[in-house]
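# Fold and geometry: a report
Single-letter residue listing:
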Amino acid sequence: MQRSAALSVGALTFPVPALSKASDRHYAAAMAITLPALPYADDALDPHITAHTISFHYGKHHAAYVNNLNGLIDGTDLADASLEEIIDAADPGGLYNNAAQVWNHTFYWESMSPNGGGAPSGDLAAAIDSSFGSYDAFREQFTADAVGNFGSGWTWLVKEGDGVAIVKTDDADTPIKHGQTPLLTIDVWEHAYYLDYQNARPAYVAAFLDHLVNWDFAAANFAA
Ligand code: MN3
């Protein structure tokens, strides 16, 4: 199997550095899945999501999923597979959970922007109006689902036909395993908000919608 030259997440592709020396290739072979760089500085979302949270959520949790996944695929038929191929092939369990969490977190970071928040525009706004009646109705439903997503999980906006729908997943589960096309996501595991908001998940969801949600990313995924 040919190693993919880039990591694709949604509409984005993360380039993988060219390898020159044999020692680099050996290192790369042992690290098939890499932790993508954050798309902004670690304090860029402050105060809505602080650098303190990013240091644990990206620097510890996301990194640990990458390390765990590399340990699980090392020496197996999936050692050179893309992240999406691993998710597609994996049965329920540790391999699936770690691979899906790598994908979900990468997609989550892209779902936010220092200049985000507010209502979308263009074709995506029209699809939201068509599917929910209005942006306000979408916001009400997304908030209720994200706040009410019991335990650990994710709340997603996905493409559904010509329109859009909200999907909740538990634990590590990801919509791409089920043939759905995610547009954006919010991580509602406690580790995503507890340092900044403690138990006030509704305040975290409101900050995400008011100040962080990256509609340009969602629109690009919708158009793809
Ligand atoms: Mn998380």
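So, here is what we can say about the structure in this document.

The rules we used
Residues numbered from 1 in each chain as written. Predicted model: local features only at pLDDT ≥ 70, side-chain atom pairs only at ≥ 80, totals over all residues. Heavy atoms only, no water. Helix = DSSP H or I, 4+ residues; strand = E, 2+ residues; numbered from the N terminus. Buried < 20%, exposed > 50% of the residue type's maximum accessible area, 1.4 Å probe, protein only. Contact = heavy atoms within 4.5 Å. Pairing = 2+ DSSP bridges. Salt bridge = Lys/Arg side-chain N within 4 Å of Asp/Glu carboxyl O.

So, on to the environment of serine 131. With respect to the helices and strands, the residue serine 131 is situated in helix 5 (residues 122–132). Residue class for serine 131 comes out partly exposed when judged on its relative accessible area of 34%. Considered as a pair, serine 131 and alanine 165 are 34 residues apart in the sequence and their alpha carbons are 7.2 Å apart. Among all residues touching serine 131, those that are not within four sequence positions of it are Gly163 and Val164.

This part takes up the pairing of strand 3 (residues 153–160). It is a general feature of regular strands that their side chains alternate between the two faces of the sheet. Buried residues dominate strand 3, accounting for six of its eight residues. When strand 3 meets strand 4 (residues 163–170), the two strands line up antiparallel, connected through eight bridges. Note on strand 4: the bridge partner recorded for leucine 157 is isoleucine 166. As judged from the six bridges shared by strand 3 and strand 5 (residues 181–187), these two strands associate in the antiparallel manner. Looking across to strand 5, one finds that tryptophan 156 is bridged to threonine 185.

Before going further, it helps to spend a moment on unusual backbone geometry. The amide bond that connects aspartate 46 to the next residue, proline 47, takes the cis arrangement and shows omega of 10°. Although it is not a glycine, aspartate 171 adopts a positive phi angle of roughly 55°. Along the chain, aspartate 171 falls in the loop between strand 4 and strand 5. Phi angles above zero are rare outside glycine, and glutamine 198 is one such case at about 50°. Residue placement: glutamine 198 occurs in the loop between helix 7 (194–197) and helix 8 (201–212).

For the structure shown, the criterion picks out one salt bridge. The residue arginine 139 makes a salt bridge to aspartate 210 at a minimum N-O spacing of 2.9 Å. Residue arginine 139 is found in helix 6 (residues 135–148), and its partner aspartate 210 is found in helix 8; the two are separated by 71 residues along the sequence. With a relative accessible area of 22%, arginine 139 lands in the partly exposed category. A relative accessible area of 38% places aspartate 210 in the partly exposed class.

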